[in-house]
Amino acid sequence: MSSSHKHPTEAKETKNLVALGFELARRLDIKRVLVFAELLSDRRMVEKHRESESILWVTYDKEAFEVDLGSKDSSVQIPANPVGRMDQVALAVIIAVMEGAIEVDESMVCLIGVAGSKRLDNMLLVNPKRDFDWFSKRSISKDDALPISQEFARLIEIALKFASEGREGKPIGTIFVLGDLEELEEISRPLILNPCKGHAKKFRNIHDSDFIETMRELSALDGGFIIDRKGVVEAAGVYLDAPVTSKVKVPKGLGSRHLAAAATTARTKSLAIVISESSGTVSVFWEGARVLSLGG
C-alpha cells in the first residue's frame, strides 16, 4: 500500500505511536529514539514530536538516506529481506553498537513495524547490554569488535534469502565464513575440488547478483564457504576442522554445523553465518559464541 493510499486509521495510529514514543523517552530520560525509516512515509512527523532527542534511523539504503540526515542523528543499514519485528531490532542494534552509533549500555525507545507494511505499529525499550547476552558478558573495545562491514551485511542478506527461498523446493543448510584466508587455511580442508578455483575474482564476489545463484547451487555441497574480507568467495565445499575449546559456546539443540562455526570463530578472527537446514534460522557466530539469531 502506497503512502498516498494509506488508510486514515493507519496514519492516525502511526502519528500517535510516534508522539507516545517521544513522550516515553522524556519520562525515562532516554536520549535516543530508534525509528525504522522505511516504515515512516513522512519524516517530518518525527521532527514535529522530538525535542532534544537524537534519532537512530534504520534503513535499507544508508547511502541514499544519509543525504538528508540531521547533525544530531545517525543511521544503520539492515538487509531488506522480510524478518520479524524483533529480528529487525536485534540486527539494527547489534550493527549500531559495533559501528559506534550507540553505546553498549544505552537504553532506547524503538518504533517499529512489520517489514514491508509502511506502518509503525509497535514500541519497545531496548538496551544492548541488558537484552543481549553477548554484550552483557563482555566489555566491547575497538580491538575485539565484531567486524561489521558491507560484506557482513551482504552475507546476512544472502543467508536470509536462501533460508526463506531454499533451493529447488528444498531447504538450504550451509556456513559462510568471512575472514582472513591465511588463518582459515590452517583449520579448513576441501571436501572436493574447489569449484571457485580458476575463475576471476570479480565473477565470484558476493556483491555480484549473478553469482548469488551460483552460490545457491554450491550450497548443496557438504561443507561451507570461505570468503575474504572483500567479499570474494575463495572456496566452497570446505570442511572446518577447528578444535572445540572452552571458548566455544553453542546453545543446546544446535548441531555440528553450528559447532564448526563457533569453533572456527573461536580459533580465528573470522565471522561465521550459519543457515540451519532444519529450522531456517540464520545464526551469526563471533569469538566462539552465537551473537545473533534471525528467523526460523
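Up top you'll find the structure we're talking about.
A brief report on the enclosed structure follows. All values reported here derive from a predicted model rather than from experimental measurement.

### Here's the deal with the sheet that holds strand E5 (residues 122-126)
Pairing is mixed across the open sheet formed by 5 strands, whose spatial order is E3-E2-E1-E4-E5. Strands with a single pairing partner mark the edges of an open sheet, and in this sheet they are strand E3 (74-77) and E5. If you compare each strand with its neighbour and ignore which way they point, the axes differ by 20 degrees on average. In this sheet, strand E4 (residues 108-112) lies alongside strand E1 (residues 32-36) in parallel orientation, the contact comprising 3 bridges. Each bridged residue has a counterpart across the sheet, and for Val-35 the counterpart in E4 is Leu-111. Strands E1, strand E2 (54-59), E3, E4 and E5 of the sheet are contacted by helix H4 (residues 85-98), whose axis makes an angle of about 40 degrees with E5.

### Details of the pattern of salt bridges
Tallied over the full model, the rule gives 19 salt bridges. A salt bridge links Glu-157 to Arg-154, with the shortest nitrogen-to-oxygen separation between them at 3.4 Å. On the criterion of helical spacing, the pair formed by Glu-157 and Arg-154 is a turn pair, its members being 3 residues apart in helix H7 (residues 150-165). A relative accessible area of 27% places Glu-157 in the partly exposed class. Assessed through its relative accessible area of 17%, Arg-154 is described here as buried. Note that Glu-165 and Lys-161 form a salt bridge whose closest N and O atoms lie 3.3 Å from each other. Taken together, the residues span about one helical turn, with Glu-165 and Lys-161 both in helix H7 at a distance of 4 residues.

What counts and how
Residues numbered from 1 in each chain as written. Predicted model: local features only at pLDDT ≥ 70, side-chain atom pairs only at ≥ 80, totals over all residues. Heavy atoms only, no water. Pairing = 2+ DSSP bridges. Helix = DSSP H or I, 4+ residues; strand = E, 2+ residues; numbered from the N terminus. Axes fitted to C-alpha atoms, helices over the stretch in contact; angles between N-to-C directions. Contact = heavy atoms within 4.5 Å. Salt bridge = Lys/Arg side-chain N within 4 Å of Asp/Glu carboxyl O. Buried < 20%, exposed > 50% of the residue type's maximum accessible area, 1.4 Å probe, protein only.

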